[in-house]
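Chain residues, written in single-letter form:
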Amino acid sequence: MTVPNSNPATEDQQRTESSTIDNGVPHSARIYDYWLGGKDNFAADRAVAEALISAIPTLRSMAAENRRFVHRVARYLVGQAGVRQFIDVGTGIPTSPNLHEVAQQIAPATRVVYVDNDPIVLAHARALMISTEQGRSEYIHADLREPELVVNHRKLREVLDLDQPVALTIIATLMLLEDSDDPWGTIRVLMDALPSGSYVAITHPTGDFNPEAVKTAVAAAVDSGMTLVPRSRDEVARFFEGWELVEPGIVPVAAWQPDDGEPTDPHAAYYWAGVARKP
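Below is a summary of the structure that appears in this document. (Residues numbered from 1 in each chain as written. Predicted model: local features only at pLDDT ≥ 70, side-chain atom pairs only at ≥ 80, totals over all residues. Heavy atoms only, no water.)

## Notes on the pairing of strand 6 (residues 167–171)
A regular strand places its side chains on the two faces of the sheet in alternate fashion.
For step 1, the next point in the chain: Summarising burial for strand 6: 5 of the 5 residues are buried, a large majority.
For step 2, the next point in the chain: Going residue by residue along strand 6, you find Ala-167, Thr-169 and Ile-171 tucked away on one face and Leu-168 and Ile-170 tucked away on the opposite face as well.
For step 3, the next point in the chain: Across 4 bridges, strand 2 (residues 85–89) lies against strand 6 in parallel orientation. The partner of Asp-88 across the bridge, within strand 6, is Thr-169.
For step 4, the next point in the chain: As defined by bridge partners, strand 6 adjoins strand 7 (residues 199–205) across 5 bridges and the pair is classed as parallel. Across the sheet, Thr-169 pairs through a bridge with Ala-201, a residue of strand 7.
For step 5, the next point in the chain: The parallel pair strand 6 and strand 7 is bridged by helix 10 (residues 183–192), and the resulting crossover is right-handed. (Buried < 20%, exposed > 50% of the residue type's maximum accessible area, 1.4 Å probe, protein only. Helix = DSSP H or I, 4+ residues; strand = E, 2+ residues; numbered from the N terminus. Pairing = 2+ DSSP bridges. Right-handed = clockwise from strand over helix to strand, strands pointing away.)

Below, the structure is given as structure tokens:
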């Protein structure tokens, strides 16, 4: 049985009631929603999504590959690593099964805190907060660029026990930060707040597999006023520094512990992926 968490008028909803959704400005969460076949997107989002598809025709399948990675990671972390707490940053618009649904199917007492900064994700937050009776799922309306606010958020501290291992998942989100934003230092604030035995899971777009196509896609995003920063394997590896990589290490997203054996073409999705444990 699943139950909605109480008090739907959360402080995040109250704090952002005056936030308006600017449907003329594309947002990454809504672009992904479009690629995944969702309906919560606007003309500006679809225009950018299609421009990127023109550069990389397989982007829809790449987005789906990221979702499959989330499901595999959740099953690994809950089923094999024994994790019972998650922070998912850059949640996006709910797409069932969500992370907490996969995790709670294995361990009903699992607790998940979702974090995103898109008002449309906030509008769908109730779907993210349907939890098992034993567990809990909550949503924080916040920005990755302010990691201290995430770590110290009242709701996160209420839902999670930061003295026990936590899995931090950041899926296809860090490309929204320029190097000048110091994405490595930004997520280190979140990682440093977690105890020994915690995990971090990251996927990140890269130009390593098809430089020209990705360069064209980046130009299309920038022309639309968006930030899109692909990074090399070495740059992605910096996010995991000091933590112990889980096998098979940093690999193409389709090749991270695949369900059905090695993929025919692991480089078909232009993302690096990795999971690491805090010693």
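## A word on the environment of Pro-252
For step 1, the next point in the chain: Tracing the sequence through the fold places Pro-252 in strand 9 (residues 251–252).
For step 2, the next point in the chain: Residues in contact with Pro-252, not counting those within four places in the same chain, are Phe-209, Pro-266, His-267, Tyr-271 and Trp-272. (Contact = heavy atoms within 4.5 Å.)

## Notes on the packing of aromatic side chains
For step 1, the next point in the chain: Enumeration according to the criterion identifies 5 aromatic pairs in this entry.
For step 2, the next point in the chain: Residues Tyr-76 and Trp-256 carry aromatic rings whose centres are separated by 5.8 Å and whose planes lie at 85° to one another, so their mutual orientation is edge-to-face. A residue pair is termed long-range when its members are at least 10 positions apart, and Tyr-76 in helix 4 (residues 59–79) and Trp-256 in the loop between strand 9 and strand 10 (271–277) qualify at 180 residues. Trp-256 carries the same exposure label as Tyr-76, and that label is buried.
For step 3, the next point in the chain: With a centroid separation of 5.5 Å and an interplanar angle of 20°, the aromatic rings of Trp-184 and Phe-239 are classed as stacked. In this pair, Trp-184 sits in helix 10 while Phe-239 sits in the loop between helix 12 (233–237) and strand 8 (244–245), placing the two residues 55 residues apart along the sequence.
For step 4, the next point in the chain: Look at Trp-184 and you get buried, because its relative accessible area is 10%.
For step 5, the next point in the chain: Taken together through their ring pairs, the aromatic side chains of Phe-69, Tyr-76 and Trp-256 make up a single cluster.
For step 6, the next point in the chain: Directly above the aromatic system of Trp-184 lies the positively charged group of Arg-231, at a separation of 5.2 Å from the ring centroid. (Phe/Tyr/Trp six-rings, centres within 6.5 Å; stacked < 30°, edge-to-face > 60°. Lys NZ or Arg CZ within 6 Å of the ring centre and 35° of its normal.)

## Observations concerning the side chain of Gln-104
For step 1, the next point in the chain: Here Gln-104 shows up in helix 5 (residues 99–106).
For step 2, the next point in the chain: Here the side chain of Gln-104 touches Thr-110 through a polar contact of 2.9 Å, landing on its backbone oxygen.
For step 3, the next point in the chain: Non-local contacts of Gln-104, meaning those with residues more than four positions away in its chain, are made with Thr-110, Ser-131, Thr-132, Gly-135 and Arg-136. (Polar contact = N/O pair within 3.5 Å; in protein donor to acceptor, adjacent residues only side chain to side chain.)

## Focus: the packing of helix 3 (residues 43–55) against helix 11 (residues 211–223)
Relative orientation and spacing of two packed helices are given, respectively, by the angle between their axes and the distance between those axes.
For step 1, the next point in the chain: Contact pair helix 3 / helix 11: the axes reach a minimum separation of 8 Å and the direction vectors enclose 160°. With respect to their mutual orientation, helix 3 and helix 11 come out roughly antiparallel. Where helix 3 crosses over helix 11, the two elements pack in a sense that is right-handed. In this structure, helix 3 contributes Ala-51, Leu-52 and Ala-55 to the contact, and helix 11 contributes Ala-213, Thr-216, Ala-217, Ala-220 and Ala-221.
For step 2, the next point in the chain: Classifying every residue of the contact of helix 3 with helix 11 gives 7 nonpolar, 1 polar and no charged. (Axes fitted to C-alpha atoms, helices over the stretch in contact; angles between N-to-C directions. Parallel < 35°, antiparallel > 145°, perpendicular 65-115°, else oblique. Left-handed = near helix turned anticlockwise from the far one by under 90°. Nonpolar A, V, L, I, M, F, W, Y, C, P; charged D, E, K, R; others polar.)

From the geometry alone we can't say anything about function, so treat these as descriptive.
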